[in-house]
Amino acid sequence: MFARESTLLTTSGQVHPTIEVIEQNHIRYLRFGHNGGWQGARSITYPDEIIFPYQRAFASLTKSLPSVDRFLSIGVGIGTALRTVLRDHQECDMYGVEIDETVVNVAIEYFDSPSHRDVNYWIGDGVTFLAKVELTFDLIFVDAYMRNQIYSACLEPAFATVLYEGLSDNGLAACNIISSTPPVGQVQTFLDAAQDIFAEVLLLPVGVPFAEQNTLAVLSKRAGIAQDWIQQIRSNAELSWLQRVSWPNRLSEYGGKRE
């Protein structure tokens, strides 16, 4: 039986009219508006546990990388990706871009997102930031989700080029997308553009099979990253038994353009 929601905070941001922090069944959630989708979740009882499957997938990818010297998270949410990378690559130079400053403040205060001492937080449009900043990143995580949908600029074909140019020579980007299998429409168009320029494009759907679901799309400047990732998934004690068994079989290289 589900416990009743407890509202810890209701406030407004510079972009989001309503920002809420909710607790239910020992889980603390962030959402934008009463009917908005969950932007992040953290266990009160087990704070190191990662709740959302796509974030678990990203954590396993991060563990498979030998080093990450500079990391960018486009979309801060509750700071899960920032905590994950900082845990596994403690000397990493960390950057987080969030369109609404209130979200960053709430993430730090209510969800233990890394502080300003550990992360260079920037407020603004993440796509514009990456296009203009004079830095390259070894790892970029794109999780820019508005109230009920992915920020559309992150699915534009031109954004694939922005990601490519913003990465170091052997860098990779991981994008949380909502997609059917195989991808269609705007997601397919974006992945087609990425396939034209990246050495490898991998897809790991982590939701219910045969349904539209969260999928981690990994765009890599170097080929051959799948095997190390699969080995990490199979041995990762933070994943469920089902995830360790099924995700290596669900991980695939993007099939490319279709007539």
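Residues numbered from 1 in each chain as written. Predicted model: local features only at pLDDT ≥ 70, side-chain atom pairs only at ≥ 80, totals over all residues. Heavy atoms only, no water.

Participant: So what about the overall build of the protein? Which residues, and what values?
Facilitator: Broken down by element type, the protein carries 8 helices and 12 strands. By the compact-globule yardstick of 18 Å for 259 residues, the protein fits well, its C-alpha radius of gyration being 17 Å. Based on the C-alpha atoms only, the size of the protein along its principal axes is roughly 45 × 45 × 40 Å. Sequence-distant contacts, at least 24 apart, represent 63% of the contacts inside the protein between residues at least 6 apart. Accessible surface, the protein: about 12,300 Å² in total, of which carbon and sulfur atoms supply 49%. (Helix = DSSP H or I, 4+ residues; strand = E, 2+ residues; numbered from the N terminus. Rg over C-alpha atoms; globule rule 2.2 N^0.38 Å. Contact = heavy atoms within 4.5 Å. Areas by Shrake-Rupley, 256 points an atom, 1.4 Å probe, with all protein chains shown as cover.)

Participant: Account for the nonpolar core, naming residues and giving values.
Facilitator: Membership of the largest hydrophobic core comes to 40 residues, with the highest contact counts inside it found for Phe58, Phe71, Val218 and Trp229. Excluding anything up to four places from it in sequence, Val218 contacts Leu61, Leu172, Ala173, Ala174, Glu200, Val201, Leu202, Ile225 and Trp229. Grouped together as the second largest cluster of nonpolar side chains are 32 residues, Val97, Leu130, Val187 and Val201 included. (Core = buried A, V, L, I, M, F, W, Y, C linked by side-chain atoms within 4.5 Å. Buried < 20%, exposed > 50% of the residue type's maximum accessible area, 1.4 Å probe, protein only.)

Participant: Now, about the sheet that holds strand β5 (residues 70-74): what can you tell me, with residues and values included?
Facilitator: With mixed pairing, 8 strands are arranged side by side in an open sheet as β7-β6-β5-β8-β9-β11-β10-β12. Of all strands in the sheet, those bounded by a partner on one side alone are β7 (119-123) and β12 (252-253). With respect to the sheet, helix α2 (residues 80-88) is in contact with β5, β6 (93-98), β7 and β8 (137-142), its orientation differing from that of β5 by roughly 165°. (Pairing = 2+ DSSP bridges. Axes fitted to C-alpha atoms, helices over the stretch in contact; angles between N-to-C directions.)

Participant: Describe in detail the sheet that holds strand β2 (residues 19-24), supporting the description with residues and values.
Facilitator: Taken in spatial order, the 4 strands line up as β1-β2-β3-β4 in an open sheet, and their pairing is antiparallel. A single partner strand is all that each edge strand has here, and the edge strands are β1 (6-11) and β4 (38-43). Put simply, the sheet's adjacent strands are angled 15° from each other on average, direction ignored. Sheet topology places strand β3 (residues 27-31) next to β4; 5 bridges connect them, and they run antiparallel. Directly across from Leu30, in β4, lies its bridge partner Gly40. The strands that helix α3 (residues 101-111) touches are β1, β2, β3 and β4; relative to β3, the one it contacts most, it runs at about 175°.

Participant: Can you lay out helix α6 (residues 185-197) for me, pointing to particular residues and giving the numbers?
Facilitator: Every buried residue of α6 is accounted for by Val187, Gln188, Phe190, Leu191, Asp192, Ala193 and Ala194. In this fold, the buried residues of α6 make contact with α5 (157-166), β9 (167-179), β10 (200-205) and β11 (213-220).

Participant: Give me the lowdown on the packing of helix α1 (residues 53-64) against helix α7 (residues 226-235), citing residues and values where you can.
Facilitator: Helix-helix packing: each pair is described by the crossing angle between the helix axes and the interaxial distance. At a closest axis distance of 8 Å, the pairing of α1 and α7 adopts a crossing angle of 115°. The handedness of the crossing between α1 and α7 comes out as right-handed. Here Ala57, Ser60, Leu61, Lys63 and Ser64 of α1 lie close against α7, whose contacting residues are Asp228, Trp229, Gln232 and Ile233. Classifying every residue of the contact of α1 with α7 gives 4 nonpolar, 3 polar and 2 charged. (Left-handed = near helix turned anticlockwise from the far one by under 90°. Nonpolar A, V, L, I, M, F, W, Y, C, P; charged D, E, K, R; others polar.)

Participant: Which residues make up the pattern of salt bridges, and what values go with them?
Facilitator: Under the definition given, this model contains 9 salt bridges. The residue Glu20 makes a salt bridge to Arg31 at a minimum N-O spacing of 2.6 Å. Here the residue Glu20 occupies a position in strand β2, and Arg31 occupies one in strand β3, the gap between them amounting to 11 residues. Here Arg31 falls in the buried class, since its relative accessible area comes to 4%. A salt bridge links Arg42 to Asp112; the shortest N-O distance between them is 3.8 Å. Note that Arg42 is positioned in strand β4 and Asp112 in the loop between α3 and β7, a separation of 70 residues in sequence. Arg42 gets classed as buried once you look at its relative accessible area, which sits at 12%. Shared partners join several salt bridges into a network, and the residues in it are Lys63, Arg87, Asp88 and Glu238. (Salt bridge = Lys/Arg side-chain N within 4 Å of Asp/Glu carboxyl O.)

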